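Here is how the chains run, residue by residue.
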Amino acid sequence: MTPPIIRSLTDLRDQVTTWKRAGETVGVVPTMGALHQGHLSLVRAAEQDCDRVIVTIFVNPKQFNSPEDYEAYPRTEEDDARKLSSFRVDAVYVPDGPQMYPDGFATNISVAGITDGLCGAHRPGHFDGVATVVTKLFTQTMADSAYFGEKDYQQLQVVTRLAKDLDLPIEVVGCPTIREEDGLAMSSRNLLLSDRARIWAPELNRAMQDMAEGLLKGEDFNTLKAQATARIAAANFTEVEYLELRAADTLELMTQADRPARLLAAAWLAGVRLIDNIAVG
């Protein structure tokens, strides 16, 4: 059965208050819609942990760096609701812009340090937008747990940090990246790739996997990076924004895999920005 769609904050809080009074736990899966198997894996995790599950769908204008990118982002609410019908989802919260950012809205939440590099360096203000909307969704849904994919690894670290720093009464749960059979990390942006570009896209992950293997063998980071960058460019990617090794916990820059780390990348293919990350060590 298609889960009920709630658009009003008042209606949402009335419903969640009823659940809480009954002693039930609430999990939230924040999304921007265009749901794929990665999102659905988060819903499945929330089902296992919580009595009630809320999926939020809101294309957040504050985390886009260009109006064109915001307008191009896929919006598939009807299809999303259909995909959720086979899960135990108790509500789909779909607020509009004025509901989230009413006239006079003047508050911005910024997480320092962990946002300085990677996507933060290439998308100014992006993580402020993420932190602000996520904080609002946490307080609006009054959830006990929130589920995020490791595919957006820096985002996961930002959200974890803000919840800890602000003493928000919610557990942030990171879930593994879900991939296509050819290794491409699932993303709503994949819908924007042409058929030809979709064939090239998995080369990003393949190059990263080979680079990670080299790092574990103790090979030189800069040499491996140059080789991987050339390989990605040969697959018709037009720009590699970053390809970096970072500490898994703090995102500190590294050049050797001598402790748990993440290899993270962002690259442009046929006008679409793709990101990926894999564990190293």
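Residues numbered from 1 in each chain as written. Predicted model: local features only at pLDDT ≥ 70, side-chain atom pairs only at ≥ 80, totals over all residues. Heavy atoms only, no water.

Visitor: With reference to specific residues and values, describe the overall build of the protein.
Guide: Regarding its fold elements, the protein presents 11 helices and 10 strands. Taken over C-alpha atoms, the radius of gyration comes to 19 Å for the protein, in line with the 19 Å a tight globule of 281 residues would show. In terms of overall dimensions, the protein has C-alpha extents of about 60 × 40 × 40 Å along its principal axes. Within the protein, the proportion of its 281 residues that are buried is 52%. As displayed, the protein offers around 13,100 Å² of accessible surface, 49% of which is attributable to carbon and sulfur atoms. Counting 28 positive and 40 negative side-chain charges, the protein places the centres of these two groups 0 Å from one another. (Helix = DSSP H or I, 4+ residues; strand = E, 2+ residues; numbered from the N terminus. Rg over C-alpha atoms; globule rule 2.2 N^0.38 Å. Buried < 20%, exposed > 50% of the residue type's maximum accessible area, 1.4 Å probe, protein only. Areas by Shrake-Rupley, 256 points an atom, 1.4 Å probe, with all protein chains shown as cover. Lys, Arg positive; Asp, Glu negative; His and termini not counted. Charge placed at Lys NZ, Arg CZ, Asp CG, Glu CD.)

Visitor: Lay out the sheet that holds strand S8 (residues 253-254) with the relevant residues and their values.
Guide: If you trace the 4 strands from one edge of the open sheet to the other, you get S8-S7-S9-S10, paired in antiparallel fashion. The open sheet has two edge strands, S8 and strand S10 (272-280), and neither has a second partner. Note: strand S9 (residues 261-269) against S10, 9 bridges, orientation antiparallel. Among the inter-strand pairings, Arg262 is bridged to a residue of S10, identified as Ala279. (Pairing = 2+ DSSP bridges.)

Visitor: Now, about the nonpolar core: what can you tell me, with residues and values included?
Guide: The biggest cluster of nonpolar side chains holds 43 residues, and the ones touching the most others in it are Ile54, Tyr93, Phe138, Phe148 and Ile170. For Ile170, the residues in contact, after removing those within four places along its chain, are Val28, Phe138, Ala143, Asp144, Ser145, Ala146 and Ala163. The next biggest cluster of nonpolar side chains, apart from the first, holds 29 residues, and it includes Leu184, Leu193, Leu243 and Ala247. (Core = buried A, V, L, I, M, F, W, Y, C linked by side-chain atoms within 4.5 Å. Contact = heavy atoms within 4.5 Å.)

Visitor: How would you sum up the environment of Thr56? Please name residues and give values.
Guide: Tracing the backbone shows Thr56 in strand S3 (residues 52-57). For Thr56, a relative accessible area of 0% corresponds to the buried category. As a C-alpha pair, Thr56 and Thr141 span 85 residues in sequence and 9.1 Å in three-dimensional space. When sequence neighbours within four positions are dropped, the list of residues in contact with Thr56 reads Val28, Val29, Pro30, Thr31, Tyr93, Leu137 and Thr141.

Visitor: Talk me through the pairing of strand S2 (residues 26-31); I want residue IDs and the actual numbers.
Guide: Residues in a regular strand point their side chains to alternate faces of the sheet. Among the 6 residues that make up S2, 6 are buried, leaving the element largely enclosed by the rest of the structure. What you see with S2 is no split at all: Val26, Val28 and Pro30 on one side and Gly27, Val29 and Thr31 on the other are buried throughout. Where S2 meets S3, 6 bridges bridge the pair, whose relative direction is parallel. Within S3, the position partnered with Pro30 by the bridge is Thr56. Regarding topology, helix H2 (residues 37-49) serves as the crossover connection from S2 to the parallel S3, and that connection is right-handed. Here S2 pairs with strand S5 (residues 145-149) via 2 bridges, running parallel. In the sheet register, Val28 faces S5, and the bridge partner there is Ala146. (Right-handed = clockwise from strand over helix to strand, strands pointing away.)

Visitor: Describe unusual backbone geometry, with residues and values.
Guide: Although it is not a glycine, Met142 sits at a positive phi angle of roughly 55°. Mapped onto the elements, Met142 comes out in the loop between helix H7 (126-141) and S5. Its relative accessible area of 29% is what places Met142 among the partly exposed residues. Here the phi dihedral of Leu251 falls at roughly 65°; this positive angle occurs in a residue that is not glycine. Mapped onto the elements of the fold, Leu251 is located in the loop between strand S7 (237-247) and S8.

Visitor: Kindly report on H2, identifying the contributing residues and their values.
Guide: When the terminal C-alpha atoms of H2 are compared, their 19 Å separation across 13 residues agrees well with the 18 Å that a helix rising 1.5 Å per residue should span. Among all positions of H2, only Gly38, His39, Leu40, Ser41, Leu42, Val43, Ala45 and Ala46 are buried. Against S2, S3, helix H4 (77-84), S5 and strand S6 (171-175) lie the buried residues of H2. (Expected span 1.5 Å × (residues − 1).)

By themselves, these are just geometric observations and shouldn't be taken as functional.
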